[in-house]
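# Summary of structural features
Each chain is listed here by its residues.
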Amino acid sequence: AQVVYGDTDSVMIKFGTADLAESMRLGTEAADLVTQTFIKPIKLEFEKCYHPYLLMNKKRYAGLLWTNPDKYDKMDCKGIETVRRDNCQLVKDVVDTSLRAILIHKDPATAIAFVKGQISQLLMNEMDMSKLVITKALTRTADQYQAGNKQAHVELAAKLKKRDAGSAPNVGDRIPYVMIKGAVGAKAWEKAEYPVHVLEQNLQLDTEWYLHHQLAEPIKRLFE
């Protein structure tokens, strides 16, 4: 038995069998044995099996979760871009669809083809803009940040206030924005723009930024 993951209240063991029912039997047996060494009423319970299981690092994993050997309960993801709020919808779609192809259909080739298709659609400016909107909560105003620590959504909020103070976002609001093409070497906070304004002014999106700053890392982590 090999411990592959452990934290305060859970531990994941690889028993070296590819048989789900056997794995669950061993999990229950191990939990009962460990419980005997604990001070009562503390006990260790067998909870679930993951198969297949992708462990990227301690806080990031994905797998099919089974509580009985006949049918998996769901695809379970932790710390992965499908569940993080500060990624655009495109990242969530790409990661979720790829994970389903890899874990459920055991077909990484389909996942790779899908990702390549999405990247070319993005770079050819054929991606629906709604999939590229990022939202972040405004926790404080621009003048409350230290100089040199400019944040895209905060600077955009200040810009919106100058345009129309009446409808500008307030602290506590979530601000949607997209990244538009800026001058060469422009910082991220200079390129953030309100989606409605982008449509009205017919501004061009910075598709390269999305590829390198939103998609690249999640894709690399997943296919590694």
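Our subject in this report is the structure included herewith. No experiment lies behind these values; they were computed from the predicted model shown.

### Section: the layout of surface pockets
- Approximately 970 Å³ is the volume found for the largest pocket.
- Mapped by element, the contributors of at least two residues to the lining of the largest pocket are β1 (2-6), β2 (11-14), α1 (20-37) and β3 (49-57).
- It is α1 that provides the largest number of residues to the lining of the largest pocket, a total of 6 residues.
- For the lining of the largest pocket, a count of residues per class yields 18 nonpolar, 6 polar and 8 charged.

### Some words on the nonpolar core
- The biggest cluster of nonpolar side chains holds 46 residues, and the ones touching the most others in it are Leu 90, Leu 99, Leu 122, Leu 132, Tyr 210 and Leu 215.
- When contributions to this core are tallied by element, the ones reaching two or more residues are α1, β4 (60-66), β5 (74-78), α2 (89-104), α3 (108-123), α4 (152-163), β7 (174-179) and α7 (207-223).
- The next biggest cluster of nonpolar side chains, apart from the first, holds 5 residues, and it includes Tyr 5, Met 12, Tyr 50 and Leu 65.

### Concerning the sheet that holds strand β6 (residues 134-137)
- Strand order in the open sheet made by the 3 strands is β6-β7-β8, with antiparallel pairing throughout. Both edges of this open sheet fall to β6 and β8 (192-193), since each of them pairs with a single strand only.
- As paired elements, β6 and β7 share 4 bridges and run antiparallel to each other. The residue of β7 that forms the bridge with Ile 134 is Tyr 177.
- α4 rests against β6, β7 and β8 of the sheet, and its axis sits at about 100° to β7.

### Quick look at the packing of aromatic side chains
- On inspection of all chains with the given rule, the structure shows 6 aromatic pairs.
- Between Trp 66 and Tyr 72 the ring centres are 5.9 Å apart and the planes differ by 65°, which places this aromatic pair in the edge-to-face class.
- Note on Trp 66: relative accessible area 12%, which makes it buried.
- Ring geometry for Trp 209 against Tyr 210: centres 5.2 Å apart, planes inclined by 90°, an arrangement best described as edge-to-face.
- An aromatic cluster is built from Tyr 5, Tyr 50, Tyr 53 and Tyr 61, whose rings are joined through pairwise contacts.

### Details of the sheet that holds β5
- Judged by pairing direction, the sheet is antiparallel, and its 3 strands sit side by side in the order β3-β4-β5 without closing on themselves. Whereas interior strands pair on both sides, the edge strands pair on one side only; in this sheet they are β3 and β5. Here the average twist between neighbouring strands, direction ignored, is 10°.
- Relative to β5, β4 is paired through 5 bridges, and the arrangement is antiparallel. Across the sheet, Ala 62 pairs through a bridge with Cys 77, a residue of β5.
- The sheet contacts of α1 involve β3 and β4, and relative to β3 the element is tilted by about 75°.

Rules and cut-offs
- Residues numbered from 1 in each chain as written.
- Predicted model: local features only at pLDDT ≥ 70, side-chain atom pairs only at ≥ 80, totals over all residues.
- Heavy atoms only, no water.
- 1 Å grid on protein atoms, 1.4 Å probe; cavity = no way out; pocket = protein on both sides within 12 Å on 5 of 7 lines; lining within 4 Å.
- Points joined across faces, edges and corners; volume = space filled by probe spheres on them.
- Helix = DSSP H or I, 4+ residues; strand = E, 2+ residues; numbered from the N terminus.
- Nonpolar A, V, L, I, M, F, W, Y, C, P; charged D, E, K, R; others polar.
- Core = buried A, V, L, I, M, F, W, Y, C linked by side-chain atoms within 4.5 Å.
- Buried < 20%, exposed > 50% of the residue type's maximum accessible area, 1.4 Å probe, protein only.
- Pairing = 2+ DSSP bridges.
- Contact = heavy atoms within 4.5 Å.
- Axes fitted to C-alpha atoms, helices over the stretch in contact; angles between N-to-C directions.
- Phe/Tyr/Trp six-rings, centres within 6.5 Å; stacked < 30°, edge-to-face > 60°.

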